[in-house]
Structures are given as structure tokens and as C-alpha cells.
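Chain by chain, the residues:
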Amino acid sequence: NDALRPWVHCILLSPVQVANNMMDMDQDPRKRLCFADGRRKVDYVLVYHYRKRSSVRGSPSQHRLSIISNGSYPLGVEEKDQEGRKDEPAEVVVDVGPPDPADGEKIMIREEFEGNLKDAGLEIEHDKENKAHGHAFIRLHAPWQVLSREAEFLKIKVPTKKLREEKGLAATMNEVWRKLNQPFQPKVPHQENLGNSRMSHCYFWPFCRYNIKSKDTFFDNATRSRIVSLYCFAHESALFFCLTGITTLIANGVYDSAFPLHDVSFFFLLLHDEWARYGAFYKYQPVDLIRKYFGEKIGLYFAWLGVYTQLLIPASVVGIIVFFYGWATVETNIPSQEMCDEDQNFTMCPLCDRACDYWHLSTACGTARASHLFDNPATVFFAIFMSLWAAMFLEHWKRRQISLNYSWDLTGMEEEEVHSHTYIVTLCYSLLTSVCLDSCTGHEKLTWRDRLPGYLINISSILFMFGVTCSAVFSVIIYRITISALMAMSSDPEVKSNVRVTVTATAVIINLVVILILDEIYGMVAAWLTELEIPKTETNFEERLILKAFLLKFMNAYAPIFYVAFFKGRFAGRPGDYVYVFNDYRMEECAPGGCLIELCIQLSIIMLGKQLIQNNVFEIGIPKLKKLCRTLKDKERAPKEIVEQPGRRQQWHLDYDLEPFDGLTPEYMEMIIQFGFVSLFVASFPLAPLFALLNNVIEIRLDAKKFVTELRRPDAIRAKDIGIWYNILSGLGKFSVIINAFVISFTSDFIPRLVYQYMYSETGTMHGFINHTLSYFNVSNFKPGTVPSISSLGKDITFCRYKDYREPPWSTEPYQFSKQYWSVLAARLGFVILFQNLVITMSMLVAWVIPDVPKNISEKLKKEKTLLVDVFLNEEKEKLQLIQSLFSRDLTQEQQEELKVSDQTSLPLQQTQPGQLPPTSSPAPRTRPRAASFSQFTRQMSMSPRSDITQHTAV
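The structure presented is a predicted model; accordingly, all values stated were derived computationally and were not measured. Each chain has its residues counted from 1, following the order in which its sequence is written. Where totals are concerned, whole chains, interfaces and linings use all residues; where local detail is concerned, this predicted model gives features only for residues with pLDDT of at least 70, and gives and counts side-chain atom pairs only at 80 or more. In computing side-chain properties, one takes all heavy atoms of the structure into account and sets aside hydrogens as well as water.

(A) Just the overall build of the protein chain, in detail. In this text, helices come from DSSP runs of H or I with a minimum length of four residues, and strands from runs of E with a minimum of two, each type numbered from the N-terminal end. A count of helices and strands for the protein chain gives 29 helices and 18 strands. In the protein chain, which comprises 955 residues, the share counted as buried stands at 46%. Counting only contacts in the protein chain whose residues sit at least 6 apart along the sequence, the fraction spanning at least 24 positions is 81%. Carbon and sulfur atoms make up 59% of the accessible area of the protein chain, which totals about 49200 Å². Each residue is placed in one exposure class: buried if its accessible area under a 1.4 Å probe, protein chains only, is under 20% of its type's maximum, exposed if it is over 50%, and partly exposed if it falls in between. What makes two residues a contact is simply this: any of their non-hydrogen atoms within 4.5 Å. Here the Shrake-Rupley method, with its probe set to 1.4 Å, supplies the accessible areas, and only the displayed protein chains count as covering residues.

Printed below as a string of C-alpha cells:
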């Protein structure tokens, strides 16, 4: 126990309600959650695969169990063999099936691990191995002595005093708001308001094992399993000469898995009916109940997801308004009318060499009208609104997180530092080869030589993965170019007319498939690279894994979108001087209506496809497929002659059949990538918040159903925030300002329209804008072999038009950038600077105006501090009064003794002459009484008349 205690001393367990837990009031009649005696609860389960063994007599030197990792035999086995040789041949245990030299070592490690758990005070129940081989379950139970000891040591807190209820106008407004929200609240007892649980109206006081009315129901099952898991995650192994835990033992195959049991009780049924059900999509989430059952870390995730989904509602409403504004003004948009006007007769240059013909701009009327739906003045307002929305979302979540920290008693929590599995394995290997000690602290550590190879492999692998992503994007570009050229050579007029639509749609689908495949690969690569870094703690391991996975998946998801937004058509060249790929294919150009409509198509298909496929295939189909494969594998490994009866299956058997919990990183990652779709390129797709909202409404219930019915119950882990994910969200919010500024400036035609209207338009309107953006090209300047072979528009074409700001062929500097180009470029750069500074300033103003700590929480914290100070002052006052009473009693006794002595003295003290010594019978001068020590105070406390005041506060 002393070896385990340093590992868990900084973890604060969650506060629990003092009232009887409803989980324990609805016990299963079959007592599937208890030991065989039906009384002791199963707090934790360990599972391992065993092979039944038989006894074979022979020489011990021929039947060694195994050797430990340093190459020597176990001492206990060696001594036993030497003693056994004198009498008779030793009885050695061997395998029935194929021999596995590591089985003996695993058995020894399991025995040592379970022995340490017993020494710590836990109670263990084993399964009987009644088959040739199979899975054995070890049930762990923490008795009251262990729970109370760890609760005091970990400073678990319980509510002791209820705060005064609010009165006045605030209370009236809260009551009205509570009644309005009543239809949307889950039907959970003691949860009238989602934001304020009952525990948020109470003062918390450190746990004390006295005055507990019901020891069996005081700790809920989540708290019990958390205490037991602390012992399982800290284990000092004599075989490995270092600290290991259940995670390391599972990774080494000593155990198959370890998990707490699902508590199929009243709370579980509430979660299933009021949360993990699609019919409850319109209700708030019972976050307090989620936290009580799954722990603070999972509770914070669903609370964050709920806040994010709620704030998507106003963003969706504004996005719909912007979209309908573009739809309502498309008929009055002058540039679209000019592009659709056949009388303008803009003859455009061919889109490819030889096979493509000249074409009229009016044939792209549909693209121009569709582009106006997303490229209108309202999109600029929407981009500014979404940047401020991101800042408000982060501030709102910060306030919500602080409220949850207070109501869940996480304000004073300290993060625990648990060594990661990779660090432990590497450290054990270093200790077995060469021990490296820190001269200052005397603890083992890993040097830079141990970490340098991992860092080098990390950097090179990440750069290689970036190259793979860029290669995938470039491959799709080559596909678009070649398919466009091949379809342009077709003799079918329908195929020629649908070239751009067909190529764009198929290319986006290919991009989507590549993104989904690389996402899975990058997840595994990120985990492997993180293990090579050898992070010291689990927190560092998780943060580095999240950062690598985010960088790789962010690059993978947004690389095609970045290409369309900022690179497509920028390096295509001009007629007569095009840029070629492989000397045969021209670089692709944007559509006549601009690249913004293609960016919208790319973003919408990738966003919707990624969400639908990941939700329906990856999150539902793959776990069911894994479960089926694991069931079939277990049936093949189990003997056919022994079949376990379904009626005898206990809860631990049912939970083991569920999918193991792999952490919250995939869930967070999916939402963070979605947040990027919503915030980064929202200027090109105003309906992105709406589709994100619809997806999240389903995602919440899908995740809830998965946690309740598809996954094993995860360990209840305490956490006071969402960790590095908040920093990633904050970075994406700031990055979105820059991206939206460049999208509006360089991808859309918003800046060119403003420049034309206020600088070059003679009437101050948009009439003539299309003609202003098209440059002239003399067809005689085409390179040989690039002129259209067959032209249906006639042979009298002298000039064709193309979209760019260049000098005409009759100028002194033909085909060079014109003054309009530099004016537009300067306006674009100026808009980027203005937009960034304006939006960032407004975001900082929003963050400054909105306080991080809600007013009611700050008032409660002040009241708690005042109450705590009053309690300490009262205790000190009682101690002082008790000490004074002890002094006065001692002083009275001394005075009485002095009077008795003075009566017996024949010579009074007043008659003593100066210089004469007092008689030997006189008492010695009275010494100054010393202050009573704390030990005296505690020993004599029972003698004090006010000792009843110092009793423990009743909880």
C-alpha cells in the first residue's frame, strides 16, 4: 500500500451525494453485480486468457516454466527444485496445447499483481477454470476500510450545508425561464435545471468516516471503481524491477482487459431512456447524470458537445438568411444578367488545345447564377459574424466549464501524473541494461539518446505524410486535367456540355474516399510516432498523440479545399502562354463564375460525405463487425464439448462481449474537423452551420447509445477541462479570420466589384463589370498546334476573351498586367489587413466584455471562502477558550498549594531580611507556566466542558 500511495495522492475523487444512492435501491434479483455470496459488490473486473495445465513428472531441468526478462530463472522455482531433487522427481506444470514459454512468466506476474492488491486491502474472487482454455474473470471488491481510507487520503468532499435560495427579481426570472424550458428538460430526478444541479447549491466539506448512516450506499459505483482502478494502475513489480500498471500488463498480454461493470439499475435506465434514444433529440442532456455514471472527463465532452450544438442554432439561422438573400437577389444581380445576356456575345478562348472550340460566355449562365447564391455582399457580413461567433463560443464554453467545475467540485483538483506505458517499458529496458540515475533526485530517467531516434523518425515521418497528402491532391488534379481533355475530344455534344460538372463531381468523390482512407492510416501512424517519442506521463502521451493526429488529419481533410480556394487557376497562365503538366496537359482554370462555386461544391460534398460515412459506417458498422469477429474467434478457440449456458452468464460476461473503450480522441477529432469546416471556409458555404447542426443532433444520441449499449463502461476519470482541445479550438478560431479574409479577397469577386464600382464605373453601378474583367487575345498569337481544329463559330474570329486583367494586344506592352490588376491586388491586400485587424479587435472586445467566471459562481465562491474563514476562526476560538480554561484550572491548583504552604511556615516571607536566605522548608519560587501543547490539548479534550462543540460536522 505504501508503494501504491505516491501514485494516487494527487487525485481528488468526485463529490458524491449524501443521500442514499438510487443505484443501490434497484438491485438485480440475480445479483449479477456481486460476489458469489450476494453481498459484496464487484467494483472492478480483470480478464485473462488461460490454458488448462496438467501435472507431469520428470526432471525440472526439462520442464522449465519460463525465464524472466533479465535472462535468469525465478529464485523461488530454483530453490524448490533443489529441495525436490533429494526426495522424488518434482511435479512440473506443462501445457496441454502448444507450449508457450511466456505463460509461466505471465502466471507469476499475475500472482504478484493480485498479491499486491490483496495486501492493499482489496478482496478478490476467481473463476473456476472448467475448460481446456478460455477467459477467466477476476472480480475485485473494495471494503469499507479501503474506501474510507482512500476517501480521506484523497480529500473527497461531500455537500454539508445548503445555500440560501435566491430571492427577488433574479429568482423570479430564473423560475420563468425554468418553466419555459421544462418541455426540453430530461425527466431526471433532482435535475430541475440543467445548468444548476442540487450539488451546486451546497457547501462542500472534506470526507470524514464518522457519522455515516449507510456505508453500503454512501459511495456510488463510479467512485468505488475509481478507487479500485487507482490500485490497478499502480503496481511495483519485483520481476521487472520497476513500476508497472494494468495498462502495461494488458499491453504485455498478462491480462486481456480490465473494466468496471455496467450498473444495470435505475440510473442506467434513465440514461438509456432520456439520453441514449433518438426520440429525445430535442431535450437537453443530463450532464450531471452522465458525469455521475461515466466520470468527469466524459461528462465534460458531452457538455462541450451540447454547448457547441446549441450555439450552432443562431449560426444556422444567420446562414439560412444569407443564403435566401442571395436567392432573392439573383434576378437583380447585374453581373449575372450580363453573363446570361446572349446579346453581349462574349466569345471566349478555348478551354483546351486543339479539341476545344471557342464558346460564348452566355452558356455559363447557370454557373454564374449559382455562384451569386454564395458570392454576394451578405457573405462578408456572415464571415465577420462567424468569426465573432467562434470567439463567443469559446467564451461561453469557458464560463460553462467553470460552472461545471464548481458544481462538480473540480476547482481545487490537481492533475495526476501517471507514467505512460511506453515510458515504463523503455525505462525497464534501460534498467535491465544500464541504469541511469539523476544525480540530484536519485530517480531513474531517460536521456536524450533514448529520445533522439524517436524525434528524428517523427519529423521525417510527418513530412513524409504531408508529401503523401500533397501527392494525393496532385493525383486528383491530374485526373481532372486528363478527364477534361478526354471528354472534350468526345463527339457527343452532351458529354462536351457536361464536362465541368462531371469532372468536378467525380474528383470530389475521389477526394472524399482518399480522405477517409488516409484518416484511418494517419490515426495509426500518429499513435506509433507518439510511442517512439517515449512521453513520460499519460497526459503528455495524450497531448502529443492529439497534436500529431490533428496535424495529419487537418492536412488530409483541407488540402483539396485549400487547393481550390487559393491555387486553382492562379498558375494556369494565359492564352498563348499556358502552363503545361507533363508537356501535354494544360493546368486547369476556374469556372467562368469564379472558383468560389467550385469551393462550395468541394466543401459541401467532403463535409457531408465525411460526416455521413463516418457516423454510419465507422461508428456503427465497424464496431459491430469487430464484435462479430471477436465472437467467432472466441468460439473457435473454445472447446466444442463445453458450452456455457446462457442462463448462467453474469454481468461481467456480458460486458466483456462489448467493444472496449478507446478514448475520446476520435470523438473530439471528428467535431474539431467539423468546427474547421464551419469556421474556416464559411464565406463560401453559408449553409455549413446548418448541416453541422443536423449532424450533431444525431451525433449526440449516436454517441450516447454507443456509450450505453455498445461499449464497456470506461474508467471514471477526473478532469477539470477538455485539455489541449481548447487550445486547438482557439487556434482554429484565429486561423479562420485569416482564411476568410483571403477567401473573400482572392477567391470571390467581392473586391473586384467594389473597385470597379467606385473607381472605373462611369455611372457608379455594376453595369459593364463583366466586360471590364475580360481581357482580349489575338487568335493569331496561338502557338502552333493549339488552335482549335474545328470551329463551329466560323473562321472570322480575330479576338477571343479570357478572364484576367491584362493589356490588350494593340497596346505597347501586350498581355502584361494592367493598372486595373495592380489596383485590384492592392485593394485585396488592404481588405485582408483591415478585415483581420477589425475582426480580431472585435473578438478581443467580446472576450473582454464576457467575464470568464459567471457572477453567481463568483458570489458562491466568496460565500464559501467567508464560511470557511468563519469555521476556522470558531475552531481557533474554541481552542483558545479550552487552553485558557486549562490554564485557569492549573493556576487555581497552584494558588491553593501556596496557601497551604504559607500556613505551615513559621517565618513569613515579609520578615525575611535582605541578604538572608529563606528557610529550606519554604517553597521554591513559582515558575511561569508553559503553554499547553497540542498533544496536551488532545489528551485533555475530554475533560473540557466544551468538548461537545468539536464534534465532526454531520453530513
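(B) Representation of the packing of helix α14 (residues 377-407) against helix α24 (residues 724-747) within the structure. Lines fitted to C-alpha atoms define the axes, with helix axes restricted to the stretch in contact, and inter-axis angles between N-to-C directions lie between 0 and 180 degrees. Running from amino to carboxyl end, α14 crosses α24 at an angle of 170°, the nearest separation of the two axes being 10 Å. With respect to their mutual orientation, α14 and α24 come out roughly antiparallel. Contacts between α14 and α24 pair Val 380, Ala 383, Ser 387, Ala 390, Phe 393, Leu 394, Trp 397 and Lys 398 from the former with Tyr 726, Leu 729, Ser 730, Gly 733, Val 737, Asn 740 and Ile 744 from the latter. Gly counts as polar in this scheme, as do all residues outside two lists: the nonpolar Ala, Val, Leu, Ile, Met, Phe, Trp, Tyr, Cys and Pro, and the charged Asp, Glu, Lys and Arg. Looking at the contact of α14 with α24, its residues break down into ten nonpolar, four polar and one charged. Roughly parallel refers to an angle under 35 degrees, roughly antiparallel to one over 145, roughly perpendicular to one between 65 and 115, and oblique to any angle outside these ranges.

(C) Region of interest: the layout of surface pockets. Size it by volume and the second largest pocket reaches roughly 1500 Å³. Elements supplying a minimum of two residues to the lining of the second largest pocket: β12 (359-360), α13 (365-374), α16 (448-488), α17 (493-497), α18 (499-533), β16 (585-586) and α20 (596-637). Broken down by element, the residue count for the lining of the second largest pocket peaks at six residues, all from α18. In the cavity and pocket records, a cavity denotes points on a 1 Å grid over the protein atoms alone where a 1.4 Å probe fits but cannot get out, a pocket denotes an open set with protein on both sides within 12 Å along at least 5 of 7 lines, and lining residues are residues with an atom within 4 Å of a point. Grid points are joined across faces, edges and corners, and a volume is the space filled by probe spheres set on the points.

(D) Here's a closer look at the pattern of salt bridges. The term salt bridge refers to a pairing of a side-chain nitrogen on Lys or Arg with a carboxyl oxygen on Asp or Glu at a separation within 4 Å. Within the structure shown, the criterion is met by 29 salt bridges. Close ionic contact of Arg 39 with Asp 37 constitutes a salt bridge, the shortest N to O distance being 3.7 Å. By relative accessible area, which is 64% here, Arg 39 ends up exposed. Asp 37 gets classed as partly exposed once you look at its relative accessible area, which sits at 32%. Two residues, Glu 150 and Arg 149, come together in a salt bridge whose shortest N-O distance is 3.6 Å. Judged by relative accessible area, Glu 150 falls into the buried class, the value being 2%. Relative accessible area serves as the criterion here: at 25%, Arg 149 is assigned to the partly exposed category. Here the residues in one salt-bridge network are Asp 37, Arg 39, Arg 40 and Glu 123, joined through shared partners.

(E) Quick peek at helix α9 (residues 266-274). Every buried residue of α9 is listed here: Phe 267, Phe 268, Leu 270, Leu 271 and Glu 274. Seen end-on, α9 carries its buried residues on one side only, within an arc spanning 160°. The inward-facing, buried residues of α9 contact α10 (287-294) and α23 (688-710). Working definition: the arc comes from the directions between the helix axis and the C-beta atoms, pointing outward to the latter.

(F) Expanded view of the state of the cysteines. Disulfide: a pair of cysteine sulfur atoms within 2.5 Å of each other. Across all of its chains, the model carries four disulfides by this definition. The residue that forms a disulfide with Cys 340 is Cys 365, at a sulfur-sulfur distance of 1.8 Å. Here Cys 340 and Cys 365 share a disulfide; its torsion about the S-S bond, 90°, makes the bridge right-handed. You can see Cys 340 sitting in helix α12 (residues 334-340) and its partner Cys 365 sitting in helix α13, a full 25 residues away along the chain. Two residues share a disulfide in this structure: Cys 349 and Cys 800, whose sulfurs sit 1.9 Å from each other. Measuring handedness by torsion sign, the sulfur bridge of Cys 349 and Cys 800 sits at about 85° and is right-handed. In this pair, Cys 349 is assigned in the loop between β11 (347-348) and β12 and Cys 800 in strand β18 (residues 799-803), connecting sequence segments 451 residues apart. The pair Cys 349 / Cys 800 is uniform in exposure class, with both members buried.

(G) Just empty space enclosed by the protein, in detail. Following the criterion strictly, the structure yields ten cavities of 30 Å³ or more and no others. Lining of the second largest cavity is provided by Met 607, Lys 610, Gln 611, Gln 614, Glu 670, Met 671, Ile 673, Gln 674 and Phe 677. Here the lining of the second largest cavity gets five residues from one element, more than from any other, and that element is helix α22 (residues 665-679).

(H) Structural view of the nonpolar core. Formed by 126 residues in total, the largest nonpolar core has its most connected members in Trp 275, Phe 294, Trp 304, Tyr 308, Trp 389, Tyr 558 and Phe 681. Residue contributions to this core peak at 16 residues, all from helix α19 (residues 538-566). Every residue in contact with Trp 304, bar those within four places of it in the chain, is listed here: Phe 393, Trp 397, Tyr 668, Met 671, Ile 672, Ile 722 and Leu 729. Take the buried residues of types Ala, Val, Leu, Ile, Met, Phe, Trp, Tyr and Cys, join any two whose side-chain atoms come within 4.5 Å, and each joined set is a nonpolar core. Leu 46, Phe 113, Leu 140 and Ala 142 belong to the second-largest nonpolar core, a separate cluster that totals 28 residues.

(I) Quick look at the side chain of Thr 786. Following the sequence through the fold, Thr 786 ends up in the loop between β17 (774-778) and β18. A distance of 2.5 Å separates the side chain of Thr 786 from the backbone oxygen of Lys 783, its partner in a polar contact. In this view, Thr 786 contacts Asp 353, Arg 354 and Tyr 580; residues no more than four positions away in its chain are not counted. Under the rule applied, a polar contact is a pair of N or O atoms within 3.5 Å (in protein, one hydrogen donor and one hydrogen acceptor; residues adjacent in sequence only if both atoms are side-chain atoms).

(J) How the structure looks around the side chain of Ser 679. Within the secondary structure layout, Ser 679 lies in helix α22. Residue classification places Ser 679 among the buried residues on the basis of a relative accessible area of 2%. In this structure the side chain of Ser 679 is engaged in a polar contact, spanning 2.7 Å, whose partner is the backbone oxygen of Phe 675. Filtering out sequence-adjacent residues up to four positions away, Ser 679 remains in contact with Ser 736 and Asn 740.

(K) Just helix α11 (residues 296-328), in detail. By definition here, a helix of n residues has an expected span of 1.5 Å times n minus one. Across its 33 residues, α11 extends 48 Å between first and last C-alpha, which sits within 8% of the 48 Å expected from 1.5 Å per residue. The angle between axes fitted to the seven-residue stretch ending at a residue and the seven-residue stretch beginning at it gives the bend at that residue. Approximately 25° is the largest bend angle found in α11, and it occurs at Ile 313, with the proline Pro 314 only one to four residues beyond.

(L) The arrangement of the confidence of the model for the protein chain in detail. As a per-residue measure, pLDDT tells how confident the predictor is, with possible values from 0 to 100. Averaged over all residues, the pLDDT of the protein chain equals 75, while 73% of them reach at least 70. Averaged pLDDT values over the elements of the protein chain bottom out at 34 in helix α1 (residues 5-8) and peak at 93 in α11. The model gives residues 429-443 a pLDDT under 50, and that stretch makes 18 contacts with residues more than four places away or in other chains.

(M) Highlighting unusual backbone geometry. One non-glycine residue with positive phi stands out, namely Tyr 815, at about 65°. With respect to the secondary-structure elements, Tyr 815 resides in the loop between β18 and α27 (819-849). Residue Tyr 815 is classed as buried on the basis of its relative accessible area, which comes to 8%.

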